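Secondary and tertiary structure notes
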Amino acid sequence: MIGQTLNARYTVTARLGKGAMGTVYRATDSQTNQDVAIKVIARDLALHPEMVERFRREGEALQQLRHPNIVGFIEAFQYDEQYVIVMEYVGGGSLYSLIKQG
């Protein structure tokens, strides 16, 4: 996925991590020239309608939330049979690493 441009806008530059629902990548938004985080549902989960619905609900919930401690929602779309959520990129490491540090 690194090097690909999604939705004619987001060029994927690095993999940030992987979780239960999918993989998160760093990308550059060609419209704003800012970095964003892109969460892509895992391919095996994309085969299950109930998991796709859960992923979509996650995007809808994020879209409705506005709080300084929650990443901002940018957009959600389908790309190459993959479901994608684009969010504000926040540097500084993973939440897991920060919790381990205390």
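The notes below deal with the structure included here. (Residues numbered from 1 in each chain as written. Predicted model: local features only at pLDDT ≥ 70, side-chain atom pairs only at ≥ 80, totals over all residues. Heavy atoms only, no water.)

It is worth spelling out the packing of aromatic side chains at this point. Scanning the entire structure with this criterion turns up one aromatic pair. With centroids separated by 6.1 Å and ring planes inclined at 5°, the aromatic side chains of tyrosine 10 and phenylalanine 77 adopt a geometry described as stacked. Of the two residues, tyrosine 10 is situated in strand 2 (residues 10–18) and phenylalanine 77 in strand 5 (residues 73–79); the sequence distance between them amounts to 67 residues. For tyrosine 10, a relative accessible area of 0% puts it in the buried group. (Phe/Tyr/Trp six-rings, centres within 6.5 Å; stacked < 30°, edge-to-face > 60°. Helix = DSSP H or I, 4+ residues; strand = E, 2+ residues; numbered from the N terminus. Buried < 20%, exposed > 50% of the residue type's maximum accessible area, 1.4 Å probe, protein only.)

Another point: the pairing of strand 5. In the sheet, strand 5 pairs with strand 6 (residues 82–88) via six bridges, with the strands oriented antiparallel. The residue of strand 6 that forms the bridge with alanine 76 is isoleucine 85. Following strand 5, the chain reverses through two residues before pairing antiparallel with strand 6; aspartate 80 in that reversal takes a positive phi of roughly 50°. (Pairing = 2+ DSSP bridges.)

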